[in-house]
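Spelled out, the chains give:
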Amino acid sequence: MSKKATLAPEKTFWQKSRLYVLIILLGALYVWSFEGLQFDLAKSLDSLDEAGRIVAGVFQPNIPFLFEEEGVLEKMRESLYIALLGTTIAAIIAVPFGFLAARNMSKKLRFVSTVGKRILNVIRTLPELIVAILFIVVVGPSPFAGVLAIGFHSIGMIGKLYSEAIENMEEGTQEALVAVGANRLQTLWFAVIPQVLPEFLSYALYKFEINVRAAAVLGMVGAGGIGTPLLFSLMGHTWENVGSILLVLVPTVILIDFISGSIRKRLV
Amino acid sequence: MSNRPKPIRSPQKRIMTLLLLAVLVFLYIDSVVHTEADFVELWESLPNMGPLFSEFWPPDLTYFQTILDPMLETVRMAIVGTTFGALLAIPIILLASRNVTQNATLVMLARSILNVVRTLPELLMASIFVAVFGLGPFAGMLALTIFSFGIIAKLCYESVETIDPGPLEAMNAVGANKLQFIGYAVVPQSLPSFVAYVLYTFEVCVRASSILGYVGAGGIGIVLKTNLDNYRYENVMSIIVFTLIIVVVIDWISSTIREKLL
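Draft legend 1. Region of the structure containing the overall build of chain B. Helix and strand counts for chain B come out as eleven helices and zero strands. In chain B, the succession of α and β elements from N to C terminus is α-α-α-α-α-α-α-α-α-α-α. Computed over the C-alpha atoms, the radius of gyration of chain B is 25 Å, more than 25% above the 18 Å expected from 2.2 N^0.38 for a compact globule of 262 residues. Seen along its three principal axes, the alpha-carbon backbone of chain B occupies a region of about 70 × 60 × 40 Å. Burial statistics for chain B: of 262 residues in total, 40% are counted as buried. Of the contacts formed within chain B by residues at least 6 apart in sequence, a portion of 73% connects residues at least 24 apart.

Here's what the structure looks like:
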């Protein structure tokens, strides 16, 4: 008897045919997708001039545009403020939702946490910019609409992260407090909050990083911030203005990621 | 020696804390002023929202048929964009993972590229591509390619770095070349999470795709903008409801597959 290296077990007929069906389905999906996206190569070769102008413009930023009134720096500050206020609002409103959705907070009533999770999912589903458009209809095209959009949309993700932090909490302290006769509010205040607070803060900061990026495009639908001049420069093909916006936007986002990331590392 | 209850905080530390608090308070006040945040007005205008939203309601269901084509275009853009993004991401994932690429400069370079790419908003890229290639879904597809490339590469290099080092060492020990090393030790371990992340990114891209039309890059966004500009709010509501349905269905399919994978 020769020793053979053990091979993977032979695939059964069903496994094989399932694989083939999957491949065929995937192929059909791609054919369907590509078919819809017709593309004229000859036409796009003509547009290479424009591409050249874009590259040339973006790398020769319009420096005075940075410091003007309503210029890049001022609008960037507005974007950061939109992200800051929006995230703070969401981080506060998300607390009750987080407790509602955490499974270990409502042990007797299973459906409560299911309902909480569903609500958070629905909030998260709506694309941010669509929420922004809705708030613009309500409060008019202003940075405040952006704050509200970010504040509303972020509840979904922050609330979900909160509930996971609560679910992963250590039960010991809670049981100890219940054992000495603490009421629900006391257990919450002395056992739950001190444990989850650093994680809550860390998640809120993480969402803040994401929201800085989001706040940069809100202006493109009219909700304030750097997106407004960005849209105008893009539509007017003033590529040197796009360049000056990128000159500020890219380092700002990277810097905020870095600062927030190092704070988060210390927190948890 | 003595059981001191708490170390006394040094005055410097206290000043630092106070300073930090002051900065935070200033930032919040300044931000409320700058963003024209007026919560009183919001509260007072809340009752007015009823009539406003009644304009949105009921969504015109027959309108679904009219917007079916741009909706499908949105999904197509997301499928093709995510696929190309995933393919482009593969080399940079390998370059950015410290356990695959030993050269520290290369790793740094790959990560810096990723950092810059991820700061570029998808709407910005979409409008640049519209300027080059003209209005239409092709520009949106390209924007989504770069957008998904950034997300997939970031998520994947982090997961590649956490794979079991055993097989990697084994491949090195038997003298495998780089290609064999990747093919037999890295790929089998990271393929499931790669596919899962691609699917997750696809979900994100469907959402992003629904808005790209705002700058003329194809899909449902163009129709959304036209209706908003003409104050056809009942149509706007149909578009939002339809988008929600599509997003929920795709999220559901994708997360079911992802759960099976991991």
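Draft legend 2. Broad picture of the overall build of chain A. A count of helices and strands for chain A gives twelve helices and zero strands. Starting at the N terminus and ending at the C terminus, chain A contains elements arranged as α-α-α-α-α-α-α-α-α-α-α-α. The C-alpha atoms of chain A give a radius of gyration of 26 Å, which is well past the 18 Å a tight globule of 268 residues would have. Each principal axis of the C-alpha atoms in chain A carries an extent, and together these give about 75 × 70 × 40 Å. Expressed as a percentage of the 268 residues in chain A, the buried residues total 37%. Contacts in chain A between residues at least 24 apart in sequence constitute 71% of all its contacts with a sequence separation of at least 6.

Draft legend 3. Spatial organisation of the domain arrangement of chain B. Once the domains are mapped, chain B shows domain 1 (11-45) and domain 2 (63-164 + 190-261). The C-alpha centroid of domain 2 of chain B is placed 35 Å from the C-alpha centroid of domain 1 of chain B.

Draft legend 4. Expanded view of the nonpolar core. Of all hydrophobic cores here, the largest spans 130 residues; its most connected members are Ala132(A), Ala149(A), Ala126(B), Phe129(B), Ala143(B) and Ala153(B). For this core, the element with the highest residue contribution is helix 7 (residues 137-160) of chain B, accounting for 15 residues. With residues near it in sequence (within four places) discarded, Phe129(B) still touches Ala139(B), Leu142(B), Ala143(B) and Ala217(B).

Draft legend 5. Quick look at the interface of chain B and chain A. The interface is formed by 42 residues belonging to chain B together with 43 residues belonging to chain A. Elements supplying a minimum of two residues to the side of chain B that touches chain A: helix 1 (11-34), helix 2 (39-56), helix 4 (68-96), helix 5 (104-119), helix 6 (122-133), helix 7, helix 9 (178-212) and helix 11 (233-261) of chain B. Looking at the side of chain B that touches chain A, the element that brings in the most residues is helix 6 of chain B, giving seven residues. Looking at the side of chain B that touches chain A residue by residue, the classes come out as 28 nonpolar, nine polar and five charged.

Draft legend 6. Structural context of the confidence of the model for chain A. Overall, the prediction assigns chain A a mean pLDDT of 86, with 94% of residues at 70 or greater. In the model of chain A, helix 2 (residues 41-46) of chain A stands out as the element of lowest mean pLDDT, 66, in contrast to helix 5 (residues 72-101) of chain A, which has the highest, 93.

Draft legend 7. A look at helix 4 of chain B. The terminal C-alpha atoms of helix 4 of chain B, which comprises 29 residues, lie 41 Å apart, in line with the 42 Å expected from a rise of 1.5 Å per residue. At Ile90(B), helix 4 of chain B shows its largest kink, close to 35°, and the proline Pro91(B) lies no more than four residues downstream.

Draft legend 8. Structural view of the confidence of the model for chain B. Residues and elements named next belong to chain B. The share of residues in chain B with pLDDT of 70 or more is 94%, and the mean pLDDT across the chain is 86. At the level of individual helices and strands, chain B shows its lowest average pLDDT in helix 2, which scores 73, and its highest in helix 4, which scores 93. For this predicted complex, the interface score ipTM comes out at 0.80, while the overall pTM is 0.84.

Draft legend 9. Representation of the packing of helix 4 of chain B against helix 5 of chain B within the structure. All names here are of chain B. In the contact formed by helix 4 and helix 5, the axes pass within 8 Å of each other and the chain directions differ by 130°. Judged by the inter-axis angle, helix 4 sits oblique to helix 5. Handedness of the crossing formed by helix 4 with helix 5: left-handed. For the pair helix 4 and helix 5, the contacting residues are Ile-92, Leu-95 and Ala-96 in the first and Leu-106, Val-107, Ala-110, Arg-111, Ile-113 and Leu-114 in the second. Of the residues in the contact of helix 4 with helix 5, the class split is eight nonpolar, no polar and one charged.

Draft legend 10. Up close: the environment of Val58(A). Residues and elements named next belong to chain A. Tracing the backbone shows Val-58 in helix 3 (residues 48-58). Val-58 gets classed as partly exposed once you count the C-beta atoms within 10 Å, which come to 18. When the C-alpha positions of Val-58 and Phe-232 are compared, they lie 15 Å apart, and in sequence the two are 174 residues distant.

Draft legend 11. Structural view of the environment of Asn241(A). Residues and elements named next belong to chain A. On the secondary structure map, Asn-241 appears in helix 12 (residues 239-267). The class for Asn-241 is buried, based on 23 C-beta atoms found within 10 Å. Placed 175 residues apart in sequence, Asn-241 and Leu-66 show a C-alpha to C-alpha distance of 8.8 Å. If near-sequence neighbours (up to four positions away) are discounted, Asn-241 is found in contact with Asn-62, Phe-65, Pro-229 and Ser-233.

Draft legend 12. Expanded view of unusual backbone geometry. In this structure, His237(A) takes a positive phi of about 55° despite not being glycine. Take His237(A): it is sitting in the loop between helix 11 (227-235) and helix 12. Its identity is not glycine, yet Tyr231(B) carries a phi of approximately 60°, on the positive side. Tracing the sequence through the fold places Tyr231(B) in the loop between helix 10 (220-229) and helix 11.

Draft legend 13. Focus on the environment of Pro96(A). All names here are of chain A. Within the element layout of this structure, Pro-96 appears in helix 5. What makes Pro-96 exposed here is the crowd of 12 C-beta atoms within 10 Å. In the structure, Pro-96 is positioned 63 residues away from Gly-159 in sequence and 8.2 Å away in space, judged by C-alpha atoms.

Draft legend 14. Here's a closer look at the packing of helix 9 (residues 172-179) of chain A against helix 10 (residues 184-218) of chain A. Residues and elements named next belong to chain A. Contact geometry for helix 9 and helix 10: axes closest at 9 Å, N-to-C directions at 165°. Here helix 9 lies roughly antiparallel to helix 10, going by the angle between them. Every pair of crossing elements has a handedness; the one defined by helix 9 and helix 10 is right-handed. Touching Thr-173, Gln-174, Leu-177 and Val-178 of helix 9 are Gln-186, Thr-187, Phe-190, Ala-191, Val-192 and Gln-195, all from helix 10. Split by residue class, the contact of helix 9 with helix 10 holds five nonpolar, five polar and no charged.

Draft legend 15. Up close: helix 9 of chain B. The end-to-end C-alpha distance of helix 9 of chain B is 40 Å, clearly below the 51 Å that 35 residues give at a rise of 1.5 Å each. Within helix 9 of chain B, the axis deviates most sharply at Val187(B), by approximately 55°, and proline Pro188(B) lies no more than four positions further along.

Calculation criteria
- Residues numbered from 1 in each chain as written.
- Chains lettered and ligands numbered in written order.
- Predicted model: local features only at pLDDT ≥ 70, side-chain atom pairs only at ≥ 80, totals over all residues.
- Helix = DSSP H or I, 4+ residues; strand = E, 2+ residues; numbered from the N terminus.
- Rg over C-alpha atoms; globule rule 2.2 N^0.38 Å.
- Buried ≥ 20, exposed ≤ 12 C-beta atoms within 10 Å, placed from the backbone.
- Contact = placed C-beta atoms within 7 Å.
- Domains from an automatic or database assignment.
- Core = buried A, V, L, I, M, F, W, Y, C linked by C-beta atoms within 7 Å.
- Nonpolar A, V, L, I, M, F, W, Y, C, P; charged D, E, K, R; others polar.
- pLDDT = per-residue confidence, 0-100.
- Expected span 1.5 Å × (residues − 1).
- Bend = angle between axes of the 7 residues up to and from the residue.
- Axes fitted to C-alpha atoms, helices over the stretch in contact; angles between N-to-C directions.
- Parallel < 35°, antiparallel > 145°, perpendicular 65-115°, else oblique.
- Left-handed = near helix turned anticlockwise from the far one by under 90°.

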